[in-house]
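The primary structure of each chain is shown beneath.
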Amino acid sequence: MKKRGAMMLMWISLLLGCSRSPIIQSSPPQSDDPYAQARSRMVETQIRARGIRDPRVLKAMEKVPRHRFALPEYRDHAYEDTPLPIRAGQTMSQPYIVALMTELLQLRGDEKVLEVGTGSGYHAAILAELAREVYTIEIEPVLSEGARRVLQELGYQNIHFRVGDGYQGWPEAAPFEAIVVTAAPREIPPKLVEQLKEGGRMVIPVGTWRQELLLVTKTKNGITTRTIAPVRFVPMRRPD
Ligand code: SAH
């Protein structure tokens, strides 16, 4: 998994390397974050260019320092158009996918959001910029701990962490106006539907080898689902 990820990155950076024209810097960087320019370019070329329009989502993607969530050896790749390997053989999603999933939730700022699959913590940070409270569950303790550390360093105070099985959701904090699942189950987990508020939205990749990103909306009579796009996520695991 790691090896494949590294190969892919190499391949993509080769590809980008060939087509990239030299950048002439006419003014000094705007901030002391050495990655600020790379981040702006990511938002323009990968996210806005592909149709993400919600200004709050664009602003959050512009603000959150994605490189802080990457492993040191991948930090310089943090703003490229690719998923990145993280610890425990997992990956953080491609920036565009994070933006797309987040935009589909239509957050306005006063929601309670559940994330299944904390991973690096990057998506949790984006959600924390856009909602009132974020509850995030991760099955791998080492990932949850790492994410908690970075998110604390960055000053987020509206994120709650749990090490556990995302299939169970977080009943004590339910119902949620929005749920985002960042690993793929074979089917929509019933407990997550139960914990979604009526009128609430869940974005979830479903499937095994072939996966579809689904937008699930809870109605009075059940759920409606809309297929958004074919995707590739790590599988959602059952606890050992
Ligand atoms: N949102 C993450 C992406 C992480 S990849 C980010 O921004 O980096 C998906 C994550 O889901 C992995 O970290 C994996 O360990 C976790 N996962 C897999 N099965 C799970 C389960 N049943 N419950 C909770 N987390 C799970």
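Note: the structure precedes this text.
Described below are features of the structure shown in this document. On a predicted model such as this, the values are computed, not experimentally measured, just so you know.

1. So, the sheet that holds strand β4 (residues 133-138)
Piece 1. Read across the open sheet, the seven strands follow the order β5-β4-β3-β6-β7-β8-β9; overall the sheet is mixed. Lying at the two open borders of the sheet, with one neighbouring strand each, are β5 (159-163) and β9 (222-231). In this sheet, adjacent strand axes meet at a mean angle of 15° when their direction is disregarded.
Piece 2. Bridging between strand β3 (residues 112-116) and strand β6 (residues 176-181) involves four bridges; their strand directions are parallel. Each residue of the ladder has a partner; that of Glu115, found in β6, is Val180.
Piece 3. Lying on the sheet, helix α5 (residues 122-130) is in contact with β3, β4, β5 and β6; it crosses β3 at an angle near 170°.
Piece 4. Contacts from helix α6 (residues 141-153) reach β4 and β5, with the element oriented near 165° to β5.

2. Some details on the site of the ligand
Piece 1. By nearness alone, 25 residues border the ligand, and Gly117, Ser120, Glu138, Gly166 and Arg237 come closest of all.
Piece 2. Between Ile139 and the ligand, the recorded distance is 3.3 Å, taken from a backbone N or O atom to a nitrogen atom.
Piece 3. Here Gly166 contributes a backbone N or O atom positioned 2.8 Å from a nitrogen atom of the ligand.
Piece 4. For the ligand, whose free accessible area comes to 580 Å², the fraction covered by protein is 99%.
Piece 5. Counting atoms within 2 Å of the grid points, the majority share of the ligand lands in the largest cavity.
Piece 6. Looking at the shell around the ligand, the elements with two or more residues in it are β2 (91-92), α5 and β4.

3. Topic: α5
Piece 1. In terms of burial, α5 is a largely internal element, eight of the nine residues being buried.
Piece 2. Buried within α5 are the following residues: Tyr122, His123, Ala124, Ala125, Ile126, Leu127, Ala128 and Leu130.

4. Overview of the packing of helix α2 (residues 36-48) against helix α4 (residues 95-105)
Piece 1. Close contact between α2 and α4 brings their axes to 9 Å; oriented N to C, the two are set at 65°. Our classification of the angle between α2 and α4 gives roughly perpendicular. Here the hand of the crossing between α2 and α4 comes out right-handed. Of α4, the residues touching α2 (which contributes Met42, Gln46 and Ile47) are Pro95, Tyr96 and Ala99.
Piece 2. Residue composition of the contact of α2 with α4, by class: five nonpolar, one polar and no charged.

5. Regarding unusual backbone geometry
Piece 1. For the bond running from Ala174 to Pro175, omega is 5°, close enough to zero to count as cis.
Piece 2. The residue Pro175 is located in the loop between β5 and β6 in this model.
Piece 3. With a phi close to 60°, Ala88 is a non-glycine residue in the positive phi region.
Piece 4. The exposure class of Ala88 is partly exposed, given its relative accessible area of 35%.

6. Regarding the pattern of salt bridges
Piece 1. Following the criterion strictly, the structure yields eight salt bridges and no others.
Piece 2. A salt bridge links Asp33 to Arg39; the nearest nitrogen and oxygen atoms lie 2.7 Å apart.
Piece 3. A salt bridge links Glu140 to Arg237; the shortest N-O distance between them is 2.8 Å. Residue Glu140 is located in the loop between β4 and α6, and its partner Arg237 is located in the segment after β9; the two are separated by 97 residues in the primary sequence.
Piece 4. On the accessibility criterion, Arg237 (32% relative accessible area) is partly exposed.

7. Some remarks on the nonpolar core
Piece 1. Formed by 53 residues in total, the largest nonpolar core has its most connected members in Met61, Tyr122 and Leu151.
Piece 2. Secondary-structure elements contributing two or more residues to this core are α2, α3 (55-63), α4, α5, α6, β5, β6 and β8 (211-219).
Piece 3. Ranked by the residues each element gives to this core, the list is headed by α4, at eight residues.
Piece 4. Ile137, Trp170, Ile179 and Leu196 belong to the second-largest nonpolar core, a separate cluster that totals 21 residues.

The rules behind the values
Residues numbered from 1 in each chain as written. Predicted model: local features only at pLDDT ≥ 70, side-chain atom pairs only at ≥ 80, totals over all residues. Heavy atoms only, no water. Pairing = 2+ DSSP bridges. Helix = DSSP H or I, 4+ residues; strand = E, 2+ residues; numbered from the N terminus. Axes fitted to C-alpha atoms, helices over the stretch in contact; angles between N-to-C directions. Contact = heavy atoms within 4.5 Å. Near = heavy atom within 4 Å. Polar contact = N/O pair within 3.5 Å; in protein donor to acceptor, adjacent residues only side chain to side chain. Areas by Shrake-Rupley, 256 points an atom, 1.4 Å probe, with all protein chains shown as cover. 1 Å grid on protein atoms, 1.4 Å probe; cavity = no way out; pocket = protein on both sides within 12 Å on 5 of 7 lines; lining within 4 Å. Sits in = over half its atoms within 2 Å of the grid points. Buried < 20%, exposed > 50% of the residue type's maximum accessible area, 1.4 Å probe, protein only. Parallel < 35°, antiparallel > 145°, perpendicular 65-115°, else oblique. Left-handed = near helix turned anticlockwise from the far one by under 90°. Nonpolar A, V, L, I, M, F, W, Y, C, P; charged D, E, K, R; others polar. Salt bridge = Lys/Arg side-chain N within 4 Å of Asp/Glu carboxyl O. Core = buried A, V, L, I, M, F, W, Y, C linked by side-chain atoms within 4.5 Å.

Everything listed here is a matter of coordinates, which is why it stays silent on function.
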